[in-house]
Amino acid sequence: MSARKLEETEELKHKTVNKSLSKAIQQARMAKKMSQKDLATAINEKPQVIAEYENGKAIPNGQIIVKIERKLGCKLPRPGKKCGSGGAK
């Protein structure tokens, strides 16, 4: 009975990539004139992975984000990290 109550009250959802990250990946990729498939092949991932990141449906994976950053030569806004804070706390 308690498991059922927990099921009804608690909504379990995975965190997905935010819009700023998906837009940043897409813009950086397009600036390099790469397709999603080109980028995926370059970082040894499936094209579907890149599509999910750009559509905001992927569950963030730091290792994949680092590979994308290296290939595209830019820093991307990371989930859970504050961007542009300038070191101020």
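As a reminder, the structure under discussion sits directly above these lines.
Residues numbered from 1 in each chain as written. Predicted model: local features only at pLDDT ≥ 70, side-chain atom pairs only at ≥ 80, totals over all residues. Heavy atoms only, no water.

Engineer: Help me get a handle on the pattern of salt bridges, residues and values and all.
Structural biologist: The final tally for this structure, using the stated rule, is 2 salt bridges. With its nearest N and O atoms 2.8 Å apart, the salt bridge here joins glutamate 45 to lysine 67. Taken together, the positions of glutamate 45 in the loop between α3 (36-42) and α4 (47-55) and lysine 67 in helix α5 (residues 62-72) put the pair 22 residues apart, joining distant regions of the chain. The class of lysine 67 is partly exposed, set by a relative accessible area of 28%. (Salt bridge = Lys/Arg side-chain N within 4 Å of Asp/Glu carboxyl O. Helix = DSSP H or I, 4+ residues; strand = E, 2+ residues; numbered from the N terminus. Buried < 20%, exposed > 50% of the residue type's maximum accessible area, 1.4 Å probe, protein only.)

Engineer: Go over the nonpolar core, please, and point to the residues and values.
Structural biologist: Ranked by size, the top nonpolar core spans 18 residues in total, and within it Leu21, Ile25, Leu39, Tyr53, Ile68 and Leu76 carry the most contacts. Secondary-structure elements contributing two or more residues to this core are α2 (19-31), α3, α4 and α5. When near neighbours in sequence (up to four residues on either side) are disregarded, leucine 76 contacts Leu21, Ala24, Ile25, Ile65, Ile68 and Glu69. (Core = buried A, V, L, I, M, F, W, Y, C linked by side-chain atoms within 4.5 Å. Contact = heavy atoms within 4.5 Å.)

Engineer: Help me get a handle on α5, residues and values and all.
Structural biologist: Along α5, the residues that are buried comprise Ile64, Ile65, Ile68, Glu69 and Leu72. Along the axis of α5, the buried positions cluster into a sector of 140°, meaning they face one direction only. Across α5 from its buried face, at more than 90 degrees, point the exposed residues Gln63 and Arg70. Where α5 is buried, its residues meet α2, α3 and α4. One side-chain oxygen at the N-terminal end of α5 lies 2.9 Å from the backbone nitrogen of glutamine 63; it belongs to asparagine 61. Positive backbone phi, approximately 70°, marks glycine 73, located one or two places after α5. (Arc of directions from axis to C-beta. Polar contact = N/O pair within 3.5 Å; in protein donor to acceptor, adjacent residues only side chain to side chain.)

Engineer: Mind laying out the side chain of arginine 29, listing which residues take part and the relevant values?
Structural biologist: You can see arginine 29 is positioned in helix α2. Setting aside anything within four residues of it in sequence, one finds arginine 29 in contact with Met34, Ser35, Gln36, Leu39, Glu54 and Leu72.

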